[in-house]
Amino acid sequence: MQGRPPAIDGLAASTLQLPRGAWSSVLDCLCERFPSIARATWLERMARGRVIDDQGRWLTAETPYRIGLEVHYYREVCDEPAIPFEEVVLHADADLVVADKPHFLPVTPAGGHAHETLLGRLIRRTGNDALVPLHRIDRETAGLVLFSANPATRASYQALFRERRIEKHYEAIAPALPNVQFPLTHSSRMAAGEPFFRMQEIDGPANSETRIDVLARGDGHWRYGLTPVTGRKHQLRVHMAALGAPIANDGTYPTLLARIPGDYSAPLQLLAKQLSFIDPLSGDRRSFRSGFVLQA
């Protein structure tokens, strides 16, 4: 085996290329890199063959550290809760899968989510271990996500995003901005903030850009159309908050709020509504539209 190992029950392996350091073993490196995972947990995973190298060889407590070694491991979460919302597959062929993701379901394993992810569900549904998301949307965001189903054609679809040859349109519910002239373009320089998962706007040349328009005006809240020109983390949420209209039910911007685990009563009112592009294989124009509707 070379490269990423096969999924186990829909759970794709995560990969870490060992950085430069003074560890004597792979185990020591993993324990320092992931302090929230107990040493005994890594040992138990190694005993079950859940930590391997790029040749498929089981790594053990005695495996010596080597800079650059590719370590593949499977995330495991005790008592992982089920996400009580279903995705919809809008399109599937030999090269591309398009899924409509519900709120609260992460695209890939992260934090307390390992099996309950969009990727895991699609692998289990299709039996295709080669599925790879071509882009990401936040766990809190609903809507369209494209997956490559064929490693041989993956680069062609990845280039659509890298070269900005794909049109992405979002909808959001947020407070009214009656004194702002629409449509408008909001540009800013975004950088990591505090805590680490939040972003912030800072002084300097812009590295993010969003086009914003109003789709419908209601009493107090409006429905906005958002077109990201760039794809920075949390870009749409940060830009709307900066305008004075944070997206409804956003617990991260502008203020970080504590959420109760398992509370699904207030989904973020942000939806990846439409994706359009010229298919790099067939040359046909493709357009997909989410079936989810935000609650104004």
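What you are looking at is a predicted structure, and each value in this text was computed from that prediction instead of being measured.

Some words on the pairing of strand β14 (residues 285-289)
1) Next: Of the two faces of β14, only the one carrying Arg286 and Phe288 is buried; Arg285, Ser287 and Arg289 on the other face are not.
2) Next: Summarising the sheet, strand β13 (residues 270-278) and β14 pair through five bridges and their orientation is antiparallel. Residue pairing for β14: Ser276 is matched across the bridge by Ser287.
3) Next: Once β13 ends, the chain turns through six residues before running back antiparallel as β14, passing Gly283 with a positive phi of about 80°.

With respect to the pattern of salt bridges
1) Next: As enumerated under the stated definition, the model contains 18 salt bridges in all.
2) Next: Across the pair Arg39 and Asp28 runs a salt bridge, and its minimum N-O distance is 2.9 Å. Remark: Asp28 occurs in helix α1 (residues 26-33) and Arg39 occurs in helix α2 (residues 39-47); sequence separation between them is 11 residues.
3) Next: Judged by relative accessible area, which is 42%, Arg39 ranks as partly exposed.
4) Next: The shortest N-O distance in the salt bridge between Arg237 and Asp250 comes to 2.8 Å. Here Asp250 lies in the loop between α5 (235-242) and β13 and Arg237 lies in helix α5, a separation of 13 residues in the sequence.

Details of the sheet that holds strand β2 (residues 51-53)
1) Next: Strand order in this open sheet of three strands is β1-β3-β2, and the pairing throughout is antiparallel. If you trace the sheet from one side to the other, it starts and ends with β1 (14-17) and β2, each paired once. Neighbour to neighbour, the strand axes of the sheet diverge by 30° on average, direction disregarded.
2) Next: With four bridges joining them, β1 and strand β3 (residues 70-73) adopt antiparallel strand pairing. Residue pairing in the sheet places Ser14 in a bridge with Tyr73 of β3.

A few points about the packing of aromatic side chains
1) Next: One pass over the structure, following the stated rule, counts 12 aromatic pairs.
2) Next: Ring geometry for Phe34 against Trp42: centres 5.8 Å apart, planes inclined by 45°, an arrangement best described as tilted.
3) Next: Residue Phe34 is classed as partly exposed on the basis of its relative accessible area, which comes to 21%.
4) Next: Chaining the aromatic ring pairs together yields one cluster made of Phe34, Trp42 and Tyr73.
5) Next: Its end group placed over the ring of Trp42, Arg45 keeps NZ or CZ at 5.0 Å from the ring centre.
6) Next: One cation-aromatic arrangement involves Arg217 over Trp222; the distance from NZ or CZ to the ring centre is 4.6 Å.

Quick word on the nonpolar core
1) Next: Ranked by internal contacts, the top residues of the largest apolar core, which has 35 residues, are Leu131, Phe147, Phe182, Tyr224, Leu226, Met240 and Leu270.
2) Next: Of all the secondary-structure elements, those providing two or more residues to this core are β5 (96-101), α3 (118-126), β7 (142-148), β8 (166-175), β11 (208-217), β12 (221-228), α5 and β13.
3) Next: By size, the runner-up hydrophobic cluster in this structure holds 16 residues, among which are Leu18, Trp23, Cys29 and Cys31.

Looking at the side chain of Ser276
1) Next: Residue placement: Ser276 occurs in strand β13.
2) Next: Judged by relative accessible area, which is 3%, Ser276 ranks as buried.
3) Next: Within the local environment of Ser276, its side chain forms a polar contact with the side chain of Gln274, the two groups lying 3.4 Å apart.
4) Next: Among the polar contacts listed, one links the side chain of Ser276 to the side chain of Ser287, at a separation of 2.9 Å.
5) Next: What Ser276 contacts, discounting residues up to four positions off in sequence, is Ile166, Glu167, Arg285, Arg286 and Ser287.

Rules behind the numbers
- Residues numbered from 1 in each chain as written.
- Predicted model: local features only at pLDDT ≥ 70, side-chain atom pairs only at ≥ 80, totals over all residues.
- Heavy atoms only, no water.
- Buried < 20%, exposed > 50% of the residue type's maximum accessible area, 1.4 Å probe, protein only.
- Helix = DSSP H or I, 4+ residues; strand = E, 2+ residues; numbered from the N terminus.
- Pairing = 2+ DSSP bridges.
- Salt bridge = Lys/Arg side-chain N within 4 Å of Asp/Glu carboxyl O.
- Axes fitted to C-alpha atoms, helices over the stretch in contact; angles between N-to-C directions.
- Phe/Tyr/Trp six-rings, centres within 6.5 Å; stacked < 30°, edge-to-face > 60°.
- Lys NZ or Arg CZ within 6 Å of the ring centre and 35° of its normal.
- Core = buried A, V, L, I, M, F, W, Y, C linked by side-chain atoms within 4.5 Å.
- Polar contact = N/O pair within 3.5 Å; in protein donor to acceptor, adjacent residues only side chain to side chain.
- Contact = heavy atoms within 4.5 Å.

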